Amino acid sequence: MCGICCVLSRRSAESRKSPPIIQEVRQNLLRRGPDCHHILQDVCLTSDPDTQHYGTFLGSVLHMRGEITKQPSQDECGNILLWNGEIFDGVKVEEDQNDTTVLLQLLAASHGEEGLHQVFQSIKGPWAFIYWQTCSKQLWFGRDYFGRRSLLWRLPDGETDVFALSSVAARPGPQHGQWQEIPAKGIFCISMESWVPGTPLSIKWYPWQHEIGTTHPSHPDQFADEDWHLRTSVSITKMGSGPTSPVLPFNRQLPDQVNQNVDSSVSSQVDGTGVENGFQLPASTCNSPEARAGPDSITRCASNDVCKGTEKLAAMPDMLDQMVDEKLKSLAVQLIAVLGEAVKRRVFNLPRGRESNRAKSTVQKQHVEQLDSLEKLQDKAEQLQLSDDGSGDGLSLGGASAVPSTTADPAVKMGCPEMSLEVEMRTAAVRHSAEENCSEKCRVAILFSGGVDSMVIAALADRFVPPNEPIDLLNVAFQQKEKQHQPGKKKGGKKQSEGAPDGPFQVPDRITGHQGLEELVRINPSRHWNFVEVNVTLDELRERRSQHVNHLLYPLQTVLDDSIGCAIWFASRGRGRLANCPDRSQADNSYSSPAKVLLVGMGADEQLAGYSRHRSKFRSEGWRGLLEEVEMEVDRISSRNLGRDDRIISDHGKESRFPFLDEDVVSYLSSVPIQYKANLTLPRGIGEKLLLRVAARELGLSSAAVLPKRAIQFGSRIAKMENSAEKASDRCNRLTTE
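Bear in mind the structure is a predicted one, so any value in this text is a computation, not a measurement.

**Some remarks on the overall build of the protein chain**
Thinking step 1. Scanning the protein chain from N- to C-terminus turns up 24 helices and 24 strands.
Thinking step 2. In the protein chain, which comprises 738 residues, the share counted as buried stands at 56%.
Thinking step 3. Of the roughly 30700 Å² of accessible surface on the protein chain, a fraction of 48% belongs to carbon and sulfur atoms.

Quick look at the structure:
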């Protein structure tokens, strides 16, 4: 994970200064990559002295694999690469190599536009990049097919203005230009020698190429709805070639009866007839309020009511089992295999020191080995100390190609402070192993609500994270106003017990999170899970939003972006209390997750019809309407919210990883017929994401397999916290006025 930025300008040699944009975004960029940063300034990009163009390149690095490598990286030919991504597959990167170095070599060896396209279409993993190609005097940039990494641009609005690219921006003042998210619909190119005075900046767009007839029929031109015709300083041209899509075509096969009127069918299932496609549902289950409304009713209850509601849902796993035939079970087993590989790729390539190879091999063999000896740890610590004593070859924010020392920040050593801290912690753990609960540092965390998405990811991570390494489960809750009830007063027809143990942070996701933890412990009692309760007060929410989070959300500005963005920011920070700490005397002590990798479940709902709008579409238009809706969701997923989530999570020096958006997982789910991915004639908690629920049952997850979708803004109770009348699509005034 890195923060990357590039600023292009047309200016005279005597007016060269550090572009103001760099100063505006610099602090947010450095938070993304705390391990080192580097800058190349006043890079001359054209040879004509009358129309000279200059570039400034800034990068910050979060070290994840191989040797730490400064960014921007520049080779002997003058090519410059800023890379914010991970190569999980498709391009060979040895374990001790850094993918930035490998990619720069591949790009330098590529021939023409087609060669460059082939490099990026072969990469499996998230990425955003900026690449200056010296021989062609062209600047290339873009985002991966799903838009899993953020990249913004600020287009010039005048002849003397600048063109800028950045992973993150700062909310501008009224006199500054506006930033926009770059569409993740291909690769872009600027030929610097064509940007001459009196002409607009010409940008070539090379869109992702699909097989004929496999894209969504209403796939839009990304710039058709924008006011591009009003921009006299920018011209964007769609090219006829581009990189090939990394995912398989969408399976458009429909069930036999595609024209049936599903309104009466659906209502009859939920209201109690219990017969659909040959399956007889238990009448008591179909008639229960929970089968009709699902655990949405749970979100409106206190904790004691939640427990009662959960007890009533105890029959739903058996109900789910009745839905499963051999075909569906086989598809679920295949999903576990491909999704498991996606999780494995995202938790293996982490800096675990010398014991990493041994740990990886033992996990693959399902065998547990001990940690390396204290002597080896001490040896590693001594080596790190030697490399950090000032006489080593550490790199600094200076050098021949960096900003002159008179104007640059103080030199910054480019060692790996996280690794040094890790060795110190683990050395102490080995020395005091009898007193410590775990001798390993957590490196993987999961955004955790206890829902089926995060539970499946957690169960699979348990298979591939080294057995002696804890996993952090990050669960966020926002403080609620305590409700005042008179003793003995009935609520909802039932007597309200005095002193109900709700608490201001006992929100729905906290309750299901604890239930999920119990299931995970039951599956593997030997795994050390850290259940991190992240509790957020209203005052802290307002303070952090106004001071910082609003800049990360920019250029997005809706109420939905505010609530989801703030919830993810606090959750991914990982600062709270350990609810399941074995040492009760330490249970109330603060805890801060050291994990650099955060696994998140985004992408499951889009591919498996998990949203309520899918059910509405199915009611009105049947299977064909549902298929087209899901296909459209997958096609537009890059323009939804992944860039926002990347900016939010990376702000803590952590890297978001999305197993459900692994190229192989998306290809597999795209190949599965729609009726096996979801069957919306069935009640909530079963019909949506049916294939994933069956997979959860195969993994031994009973309760989580039948929990309906609950969005993070509702499960954490941040939604409606400050204004109960606002709508999700409204412009959020809190992002601009606080």
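Further notes follow.
**Some points on the side chain of Ser 650**
Thinking step 1. Here Ser 650 shows up in helix α19 (residues 642-650).
Thinking step 2. At a separation of 2.8 Å, a polar atom in the side chain of Ser 650 contacts the main-chain carbonyl oxygen of Asp 646.

**Notes on the sheet that holds strand β3 (residues 53-61)**
Thinking step 1. Strand order across the open sheet formed by six strands is β2-β3-β1-β9-β8-β10, with antiparallel pairing between neighbours. The sheet is open, and its two edges are formed by β2 (36-44) and β10 (180-181), each paired on a single side.
Thinking step 2. As judged from the two bridges shared by strand β8 (residues 152-154) and β10, these two strands associate in the antiparallel manner. Paired with Leu 152 across the strands is Glu 181, a residue of β10.
Thinking step 3. Together, β1 (2-10), β2, β3, β8 and β9 (163-166) form the strand contacts of helix α1 (residues 20-32), whose direction differs from that of β1 by roughly 165°.

**Some thoughts on the packing of aromatic side chains**
Thinking step 1. Using the criterion set out here, one finds 17 aromatic pairs in the structure.
Thinking step 2. Here Tyr 145 and Trp 208 contribute two aromatic rings whose centre-to-centre distance is 5.5 Å and whose plane-to-plane angle is 80°, an arrangement assigned as edge-to-face. Of this pair, Tyr 145 sits in the loop between β7 (138-143) and β8 while Trp 208 sits in the loop between β12 (201-207) and β13 (234-238), placing them 63 residues apart in sequence.
Thinking step 3. Here Tyr 145 falls in the buried class, since its relative accessible area comes to 13%.
Thinking step 4. The buried category is assigned to Trp 208, whose relative accessible area is 7%.
Thinking step 5. Plain terms: the ring middles of Phe 348 and Phe 464 are 6.5 Å apart, the flat faces sit at 75° to each other, and that makes the pair edge-to-face. Linking Phe 348 in helix α9 (residues 326-348) with Phe 464 in helix α13 (residues 452-464), this pair joins segments that are 116 residues apart in sequence.
Thinking step 6. For Phe 348, a relative accessible area of 9% corresponds to the buried category.

**Examining the sheet that holds strand β17 (residues 471-478)**
Thinking step 1. Here we have seven strands laid out as an open sheet, ordered β22-β21-β20-β17-β16-β23-β24, and mixed in their pairing. The open sheet has two edge strands, β22 (590-592) and β24 (655-657), and neither has a second partner. Between one strand axis and the next, the sheet turns through 40° on average, direction left out of account.
Thinking step 2. Pairing geometry for strand β23 (residues 597-599) and β24, over three bridges, is parallel. Paired with Val 597 across the strands is Glu 655, a residue of β24.

**Some details on unusual backbone geometry**
Thinking step 1. Omega for the bond connecting Gln 71 with Pro 72 falls within 30 degrees of zero, at 5°, which places this linkage in the cis form.
Thinking step 2. Examined against the element boundaries, Pro 72 turns out to sit in the loop between β3 and β4 (73-74).
Thinking step 3. In this model, Tyr 554 is joined to Pro 555 through a cis peptide bond whose omega is 15°.
Thinking step 4. Here Pro 555 is to be found in the loop between α15 (538-553) and α16 (559-573).
Thinking step 5. The backbone phi angle of Ala 609 is positive, close to 55°, even though this residue is not glycine.
Thinking step 6. Mapped onto the secondary structure, Ala 609 falls in the loop between α17 (604-607) and α18 (612-635).

**As for the nonpolar core**
Thinking step 1. Ranked by internal contacts, the top residues of the largest apolar core, which has 90 residues, are Trp 83, Phe 120 and Phe 478.
Thinking step 2. Of all the elements, α16 adds the most residues to this core, at eight residues.
Thinking step 3. Beyond its immediate stretch of four places on either side in the chain, Phe 478 contacts Pro 504, Phe 505, Val 507, Val 536, Leu 541, Cys 566, Ala 567, Phe 570, Ser 716, Arg 717, Ile 718 and Met 721.
Thinking step 4. Judged by nonpolar contacts, the second largest core, of 58 residues, contains Phe 348, Met 455, Trp 529 and Leu 599.

**A few points about the side chain of Ser 572**
Thinking step 1. Structurally, Ser 572 is set in helix α16.
Thinking step 2. Relative accessible area serves as the criterion here: at 0%, Ser 572 is assigned to the buried category.
Thinking step 3. Within polar-contact distance, the side chain of Ser 572 engages the backbone oxygen of Trp 569 at 3.2 Å.
Thinking step 4. For Ser 572, the contacting residues outside a window of four places in its chain are Leu 474, Leu 598, Ile 648, Ile 649, His 652 and Lys 654.

**Looking at the state of the cysteines**
Thinking step 1. Per the counting criterion, the structure on display carries zero disulfides.
Thinking step 2. Cys 732 provides the cysteine sulfur closest to Cys 566, a residue in no disulfide bond, and the two sulfurs are 7.9 Å apart.
Thinking step 3. Owing to a relative accessible area of 0%, Cys 566 belongs among the buried residues under this scheme.

**What about the environment of Val 600?**
Thinking step 1. Relative to the assigned elements, Val 600 resides in the loop between β23 and α17.
Thinking step 2. Val 600 sits in the buried class, given a relative accessible area of 0%.
Thinking step 3. Between the alpha carbons of Val 600 and Phe 660 there is a distance of 8.5 Å; along the sequence they are 60 residues apart.
Thinking step 4. If sequence neighbours within four positions are ignored, Val 600 has contacts with Leu 447, Ile 457, Ile 649, Arg 657, Phe 658 and Pro 659.

**Some remarks on the packing of α9 against α13**
Thinking step 1. Remark: α9 packs on α13, axes separated minimally by 9 Å, with the N-to-C direction vectors making an angle of 65°. Crossing of α9 against α13: the hand is right-handed. Contacts between α9 and α13 involve Ile 336, Leu 339, Gly 340, Val 343, Lys 344, Val 347 and Phe 348 on the former and, on the latter, Val 456, Leu 460, Ala 461, Arg 463 and Phe 464.

**Notes on the confidence of the model for the protein chain**
When pLDDT drops low, the exact placement of atoms in the prediction is not to be read closely.
Thinking step 1. Mean pLDDT over the protein chain works out to 76, with 70% of the residues at or above the 70 mark.
Thinking step 2. Overall, residues 213-220 carries pLDDT values under 50, and its contacts beyond four positions in sequence, including any with other chains, amount to ten contacts.
Thinking step 3. Note that residues 491-501 has pLDDT below 50 and, in this model, 15 contacts with residues that lie over four places away or in other chains.

**Topic: helix α22 (residues 690-698)**
Thinking step 1. In terms of burial, α22 is a largely internal element, seven of the nine residues being buried.
Thinking step 2. Within α22, the full set of buried residues consists of Leu 690, Leu 691, Leu 692, Arg 693, Val 694, Ala 695 and Ala 696.
Thinking step 3. One or two positions beyond α22, positive phi appears at Gly 700, with a value near 90°.

**Brief notes about the pattern of salt bridges**
Thinking step 1. This model, assessed by the stated rule, comprises 40 salt bridges.
Thinking step 2. Between Arg 346 and Asp 662 there is a salt bridge, with its nearest N and O atoms 2.9 Å apart. Here Arg 346, found in helix α9, pairs with Asp 662, found in the loop between β24 and α20 (663-671); they are 316 residues apart in sequence, far enough to count as distant.
Thinking step 3. Relative accessible area serves as the criterion here: at 2%, Asp 662 is assigned to the buried category.
Thinking step 4. Residue Glu 633 pairs with Arg 613 through a salt bridge whose shortest N-O separation is 2.6 Å.
Thinking step 5. According to the relative accessible area criterion, Glu 633 is buried, its value standing at 0%.

**So, the pairing of strand β16 (residues 444-447)**
Thinking step 1. Taking every second residue as pointing to the same face, both faces of β16 are buried, with Val 444 and Ile 446 on one and Ala 445 and Leu 447 on the other.
Thinking step 2. The pairing of β16 with β17 spans four bridges and is classified as parallel. Bridge assignment links Ala 445 to a residue of β17, and that residue is Asp 472.
Thinking step 3. Crossover handedness for the path β16 to α13 to β17: right-handed.
Thinking step 4. As judged from the three bridges shared by β16 and β23, these two strands associate in the parallel manner. Following the sheet pairing, Val 444 is matched in β23 by Val 597.

Calculation rules
- Residues numbered from 1 in each chain as written.
- Predicted model: local features only at pLDDT ≥ 70, side-chain atom pairs only at ≥ 80, totals over all residues.
- Heavy atoms only, no water.
- Helix = DSSP H or I, 4+ residues; strand = E, 2+ residues; numbered from the N terminus.
- Buried < 20%, exposed > 50% of the residue type's maximum accessible area, 1.4 Å probe, protein only.
- Areas by Shrake-Rupley, 256 points an atom, 1.4 Å probe, with all protein chains shown as cover.
- Polar contact = N/O pair within 3.5 Å; in protein donor to acceptor, adjacent residues only side chain to side chain.
- Pairing = 2+ DSSP bridges.
- Contact = heavy atoms within 4.5 Å.
- Axes fitted to C-alpha atoms, helices over the stretch in contact; angles between N-to-C directions.
- Phe/Tyr/Trp six-rings, centres within 6.5 Å; stacked < 30°, edge-to-face > 60°.
- Core = buried A, V, L, I, M, F, W, Y, C linked by side-chain atoms within 4.5 Å.
- Disulfide = S-S within 2.5 Å.
- Left-handed = near helix turned anticlockwise from the far one by under 90°.
- pLDDT = per-residue confidence, 0-100.
- Salt bridge = Lys/Arg side-chain N within 4 Å of Asp/Glu carboxyl O.
- Right-handed = clockwise from strand over helix to strand, strands pointing away.

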